[in-house]
Structures are given as C-alpha cells and as structure tokens.
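Report on the structure
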Amino acid sequence: MELSIPGRLLHPSSFSASPTVSPQLPIKPKINFPHKPRFPITTQFLPSTLSSTQRMNSLTAHASLNPDDDDRNNNGSTLTSSTVDSGRVGEVKRVTKETNVSVKINLDGSGVADSTTGIPFLDHMLDQLASHGLFDVRVRATGDIHIDDHHTNEDVALSIGTALLQALGDRKGINRFGDFSAPLDEALIHVSLDLSGRPHLSYDLQIPTERVGTYDTQLVEHFFQSLVNTSGMTLHIRQLAGKNSHHIIEATFKAFARALRQATEYDPRRRGTIPSSKGVLLRS
C-alpha cells in the first residue's frame, strides 16, 4: 500500500509565516533601593512596667538592648534611673560622712572599665571585673583614705552590689548559677555563685602578705562580704593554689567576673521564666 502525502506538508515554505504578535506591555523603570540590614539596630525605650520576659522578647525581636529601670530595692543607697539605651543597667549613688560613691554597671556591656576610687589596686581589680565579665563598669569614689582604705573599699562594694541588684530586676530568664576557675601563673582560684537572693559568703584565701602596694589584703574578704550583702548573692571562693599575693587576689576577681557573667546571662531554653522552683528570686 502506498501512502499519498500532500506536497504542502513536505515543503515548509508552503506554510503561512504569520507569527502571532503579542501586545507589548509597558516596562516599569527599575528602582534601586538601598540595602537594608537583615537585623536593623533600633533605639527603643521600654516602659519600666514591662516584665523581664517582655523586655527579653522585645530585645530579641528588635535586636537592640534597652534599659531595665527596676529600682524596687535600694539597700539604703540612692538609685538613679538610667537613661542609657542599652542593656540591663544599675546606677547607684551612696553618700555618707565617710565616702561619696557613684556606680553604674551595665550587665550587657562590652567590658568598658572606668573606675577611680582613690585606691589604685582596687581600681585595677575593678578593671578585671569589667574586662572578664564583659560588664561596663563606671565607679567614682572619694573617701577618708587619709585614715585608711577601709570605708571606701566597703562602700564601693556595697554600691556595686546594689547596682547589680537593680540591674538584675526580677531575674527572669537568667542562668542564675555561675562557676569558674581562673589560673594566674602559680595561683588557681575557684569561684562558685548563686544569684539566689540569699546573701552568704564562704571565703578561703591564704594571702601571704599583709599588703599589695598600699592595699590592705584583709580588705579583699571585706569587699566581697559587702557586695554579697547588698546583691543577695551566695558566693564561694576557694584557693586551689598560689603563693604570690597579687596573683591570688587578681585571679579571684577574674574568676568572680567570669562566674558572674555566666550567672547573669540569659538561658534561651528557660523562655523568660524565673530560675527557681519557688517561682520567685528576691533579695532576702
């Protein structure tokens, strides 16, 4: 059987070349928008009535840090509401017949140290607190150091503890516990702490000399006892090794700074809840 194919199907030229013409759409001019950062940094002031959970959620949503103006407990010191637009900030001014002390601490800082107490060795130790805790610490103090360093050392510590108490607020969402061992050459110091609201100090340092420079080494224990009393902190300090007085004291402040940083940081798994089975963490 033979098939007969029409010639017009064998020759493409026989097709009608009449392409379908689509109507032209108007072309919109291209507008180049400036690049926007993925997480815009905004300056935002949060009302002091917000809970820590609300503040933490807002910080996460806006990628910005804001002040915590919680000043419910002043431990006998004057609390000044912070106008700094970043972080959990405590600000305290303490004035007595013996000293005049002002302290500002930002728990969410970057390690800025700015302390002038009239006691050079104490200034050096406060620098360790800021640098290794990544806190912004500003201290100004004048006192009766013509007598000795005792009152100034004590009132600086009391003020730091009160500022810490203010900055922590209701303590929702924080780790609460901190534990760190810091070596400094031959010295090794272990610090463990609990932001429980219950003040307690267990102190075991064997500092071999009575002074480092002009600083009375007995004042180290008194510094931490004063800070514990106003902050509502349980603090254990143990010397595991060490012979040099400067190294022992400096390693203590470094270990304390790292343990405090760990305790004050947020635990994302806690989702803003209070880290206590009782449901509350307040200064006793």
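The notes below deal with the structure included here. (Residues numbered from 1 in each chain as written. Predicted model: local features only at pLDDT ≥ 70, side-chain atom pairs only at ≥ 80, totals over all residues. Heavy atoms only, no water.)

**Observations concerning the nonpolar core**
Grouped together as the largest cluster of nonpolar side chains are 56 residues, with contacts concentrated most on Leu193, Phe223, Leu235 and Phe256. Sort the elements by how many residues they give to this core and helix α6 (residues 245-264) lands first, with 10 residues. Excluding anything up to four places from it in sequence, Leu193 contacts Arg176, Phe177, Gly178, Met233, Thr234, Leu235, Phe256, Ala259, Leu260 and Ala263. (Core = buried A, V, L, I, M, F, W, Y, C linked by side-chain atoms within 4.5 Å. Buried < 20%, exposed > 50% of the residue type's maximum accessible area, 1.4 Å probe, protein only. Helix = DSSP H or I, 4+ residues; strand = E, 2+ residues; numbered from the N terminus. Contact = heavy atoms within 4.5 Å.)

**Concerning the environment of Ser192**
Tracing the sequence through the fold places Ser192 in strand β7 (residues 187-194). Overall, the relative accessible area of 25% leaves Ser192 in the partly exposed class. As a C-alpha pair, Ser192 and Asp179 span 13 residues in sequence and 4.3 Å in three-dimensional space. The contact partners of Ser192, leaving out residues within four places of it in the chain, are Gly178, Asp179, Thr234, Leu235 and His236.

**Re the packing of helix α3 (residues 120-133) against α6**
Between two packed helices, both the angle of their axes relative to each other and the distance between the axes serve to describe the pair. Following both chains from N to C, one finds α3 and α6 inclined at 35 degrees, their axes separated by 8 Å at the closest point. Our pair here, α3 against α6, has a crossing hand that is right-handed. Across the interface between the two elements, Phe121, His124, Met125, Gln128, Leu129, His132 and Gly133 from α3 touch His246, Ile249, Glu250, Phe253, Lys254, Phe256, Ala257, Arg258, Leu260 and Arg261 from α6. In terms of residue class, the contact of α3 with α6 is made up of eight nonpolar, five polar and four charged. (Axes fitted to C-alpha atoms, helices over the stretch in contact; angles between N-to-C directions. Left-handed = near helix turned anticlockwise from the far one by under 90°. Nonpolar A, V, L, I, M, F, W, Y, C, P; charged D, E, K, R; others polar.)

**A look at the sheet that holds strand β11 (residues 234-241)**
Within the open sheet, the four strands sit side by side as β6-β7-β11-β8. Their pairing is mixed. The open sheet has two edge strands with one neighbour each: β6 (177-184) and β8 (200-204). On average, each strand axis in the sheet is tilted by 10 degrees relative to the strand beside it, whichever way the strands run. Taken together, the eight bridges between β6 and β7 define a ladder with antiparallel strand orientation. (Pairing = 2+ DSSP bridges.)

**Focus on the packing of helix α5 (residues 219-231) against α6**
The interhelical angle for the contact between α5 and α6, taken along N-to-C directions, is 20 degrees, at an axis separation of 11 Å. Regarding the angle of α5 to α6, the classification is roughly parallel. When the axes of α5 and α6 are compared, the crossing they make is right-handed. Residues Val220, Phe223, Phe224 and Leu227 of α5 touch α6, and the partners they reach there are Ile249, Thr252, Phe253 and Phe256. Of the residues contributing to the contact of α5 with α6, the split by class is seven nonpolar, one polar and no charged. (Parallel < 35°, antiparallel > 145°, perpendicular 65-115°, else oblique.)

**With respect to the pattern of salt bridges**
Here the structure, examined in full by the defined rule, presents eight salt bridges. Residue Lys104 pairs with Glu91 through a salt bridge whose shortest N-O separation is 3.8 Å. Of this pair, Lys104 sits in strand β3 (residues 99-106) while Glu91 sits in strand β2 (residues 89-95), and the two are 13 residues apart along the sequence. For Lys104, a relative accessible area of 26% puts it in the partly exposed group. Notably, a salt bridge pairs Lys254 with Glu250, separated by 3.2 Å at the nearest N-O pair. (Salt bridge = Lys/Arg side-chain N within 4 Å of Asp/Glu carboxyl O.)

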